[in-house]
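One letter stands for each residue in the lines below.
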Amino acid sequence: MTPVHARRARRLAQVFNALIGRRALGAAVAATLAAALPAAAQTAPPKRVVATFTVLADMAQNVAGTAALVESLTKPGAEIHDYEPTPLDVVRAQAADLVLWNGMGLERWFERFFSRVNNVRSAVLTEGVAPIGIGEGPYRNQPNPHAWMSPSIALVYVENIRKALAALDPPNAAVYAANAAAYAAQIRAVDARLKERLAALPADRRVLATCEGAFSYLTRDYAMREAYLWPINAEDEGTPRQVRALIDTVRRSRVPVVFCESTVNDRPIRQVAREAGVRYGGALYVDSLTGPDGPAPTYLKLLETNADIILRGFFGNQATR
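Calculation rules
Residues numbered from 1 in each chain as written. Predicted model: local features only at pLDDT ≥ 70, side-chain atom pairs only at ≥ 80, totals over all residues. Heavy atoms only, no water. Helix = DSSP H or I, 4+ residues; strand = E, 2+ residues; numbered from the N terminus. Areas by Shrake-Rupley, 256 points an atom, 1.4 Å probe, with all protein chains shown as cover. Disulfide = S-S within 2.5 Å. Buried < 20%, exposed > 50% of the residue type's maximum accessible area, 1.4 Å probe, protein only. Phe/Tyr/Trp six-rings, centres within 6.5 Å; stacked < 30°, edge-to-face > 60°. Contact = heavy atoms within 4.5 Å. Axes fitted to C-alpha atoms, helices over the stretch in contact; angles between N-to-C directions. Parallel < 35°, antiparallel > 145°, perpendicular 65-115°, else oblique. Left-handed = near helix turned anticlockwise from the far one by under 90°. Nonpolar A, V, L, I, M, F, W, Y, C, P; charged D, E, K, R; others polar. Expected span 1.5 Å × (residues − 1). Pairing = 2+ DSSP bridges. Right-handed = clockwise from strand over helix to strand, strands pointing away. pLDDT = per-residue confidence, 0-100.

Novice: Would you explain the overall build of the protein chain in this entry?
Specialist: Scanning the protein chain from terminus to terminus reveals 10 helices and eight strands. For the protein chain, the accessible surface area stands at approximately 16,000 Å², while carbon and sulfur atoms represent 55% of it.

Following this line, the structure appears as structure tokens:
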């Protein structure tokens, strides 16, 4: 080796040793700092939560805040009762830390679906809710599952979400409690506004006539009566007998308007409107939120938008806000 090459070799060895020393020092410093930090400051990845449909996912995200990531198995606008889960849905649920579902027979597919998911927590959000029974049809006397349509019952959902998240993630229990309290206050405020607004409906015509019997809890809360084509989304929807029965009810009750739901076919209710000589007031939102640009992108907006649609149906452009 020439003297020049020897000098270059020594220089390269010095640079290499210096780099190794710096990396070792950096690793040591990092380890020392990590040991000095409290456990809570060493950021853990947020928990992953999956809900069966968009309404529950929105509620859960409000309670979770930034401490957990929440997604819905079903997309905005999906019909939830007889949803057919995909293999990807199983993968998403298996990757979650917690799965939230409504219960009361709403997700008729869920128990079969969830049996394919291993070692993932789940929580039924209607736990503690006193159900209203379905009044007729093949599901007679079974719970009407649409309990979230009552803002007062939605507070039970919020508390069940809080408990499930706190049990899953105790270090963030205080965060979930604060978020749940703030969200519950928003729901109570919307409930108070809806009571005031819907009180304007005529006392002798306070009948909400729709496609599905999904408004039992809402009509009970706001001193209305419910009429519908079918009691719950199932195989028999919009049969001639159902159409004739609702036409008779609408005429007898002198109801000026009928409605449907955003996730079902509105042709039968439009036939009711034509033959009964009343207005079709449009689609209400129940089983699904809309996308972010739609009129019901959140649960709170769903409640407010439904009130807007009902009041416009009864009063036209003179509906009060």
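There's more to say after this.
Novice: It is not clear to me how the state of the cysteines should be interpreted in this structure. Could you clarify?
Specialist: A disulfide bridge is the covalent bond that connects two cysteines by way of their sulfur atoms. A full pass over the atoms with the stated rule returns one disulfide. In this model C211 forms its disulfide with C260; the gap between the sulfur atoms is 2.0 Å. Around the S-S axis, the bridge from C211 to C260 shows a dihedral of about -110° and counts as left-handed. Placement of C211 in strand β5 (residues 207–212) and of C260 in strand β7 (residues 257–261) is noted, with a sequence separation of 49 residues between them. Looking at C211, the relative accessible area reads 0%, which means it is buried. Given the relative accessible area of 0%, C260 is considered buried.

Novice: Just checking my understanding: could you explain the packing of aromatic side chains for this structure?
Specialist: The tally for this structure, following the rule as stated, stands at seven aromatic pairs. Taking the centre distance of 6.0 Å and the plane angle of 65° together, the rings of W109 and F110 count as edge-to-face. F110 sits in the buried class, given a relative accessible area of 1%. Here the aromatic residues Y83, W101, W109, F110, F113 and F114 are joined through ring pairs into a cluster of three or more.

Novice: What am I meant to see in the environment of V272 here?
Specialist: Assignment of secondary structure puts V272 in helix α9 (residues 267–276). What V272 contacts, discounting residues up to four positions off in sequence, is L229, V243, L246, I247, V250, V258 and G277.

Novice: It is not clear to me how the side chain of T290 should be interpreted in this structure. Could you clarify?
Specialist: Here T290 shows up in the loop between β8 (279–284) and α10 (299–315). Judged by its relative accessible area of 15%, T290 falls in the buried class. Beyond its immediate sequence surroundings of up to four residues, T290 is in contact with P76, Y285, P295, A296 and P297.

Novice: What is the right way to read the packing of helix α2 (residues 54–64) against helix α5 (residues 151–168) from this model?
Specialist: Axes are the key here: two packed helices are described by the angle between their axes and the distance separating the axes. At a minimum axis distance of 10 Å, the contact between α2 and α5 shows a crossing angle of 55°. When the axes of α2 and α5 are compared, the pair comes out oblique. Judged by the sense of rotation from one axis to the other, the crossing of α2 with α5 is right-handed. Packed against α2, whose contacting residues are L56, M59, A60, V63 and A64, the element α5 presents A154, Y157, V158, I161, R162 and L165 at the interface. Taken together, the residues that form the contact of α2 with α5 break down as 10 nonpolar, no polar and one charged.

Novice: In this structure, what is going on with α5? I would like to understand it.
Specialist: Each α-helix turn comprises 3.6 residues. Residues three or four places apart therefore point the same way. Here α5 contains 18 residues, and its C-alpha end-to-end distance of 26 Å stays within 8% of the 26 Å for a straight helix at 1.5 Å per residue. Within the sequence span of α5, burial applies to P151, I153, A154, Y157, V158, N160, I161, A164, L165, A166 and L168.

Novice: What is the right way to look at the pairing of β8 in this model?
Specialist: As a general feature of sheets, a regular strand has side chains that alternate between the two faces. Relative to β8, β7 runs parallel, the two being bridged by four bridges. Bridge pairing in β8 links V258 to Y280. At this point the chain moves from β7, through α9, to the parallel β8, and the crossover so formed is right-handed.

Novice: I would appreciate a short explanation of the sheet that holds strand β3 (residues 98–101) in the present structure.
Specialist: Two pairing modes exist for strands in a sheet, parallel and antiparallel, and in both the strands are linked by backbone hydrogen bonds. Spatially, β2-β1-β3-β4 is the arrangement adopted by the four strands of the open sheet, whose pairing is parallel. If you trace the sheet from one side to the other, it starts and ends with β2 (68–72) and β4 (121–124), each paired once. Mean inter-strand twist for the sheet, computed between neighbouring axes without regard to direction, equals 20°.

Novice: Explain the confidence of the model for the protein chain to me, please; I cannot follow it from the model alone.
Specialist: The predicted coordinates of low-pLDDT regions are not to be read in fine detail. Taken over all residues, the pLDDT of the protein chain has a mean of 88, while the share at 70 or more is 85%. This stretch, residues 1–42, has a pLDDT under 50; its non-local contacts, to residues over four places away or in other chains, come to three contacts.

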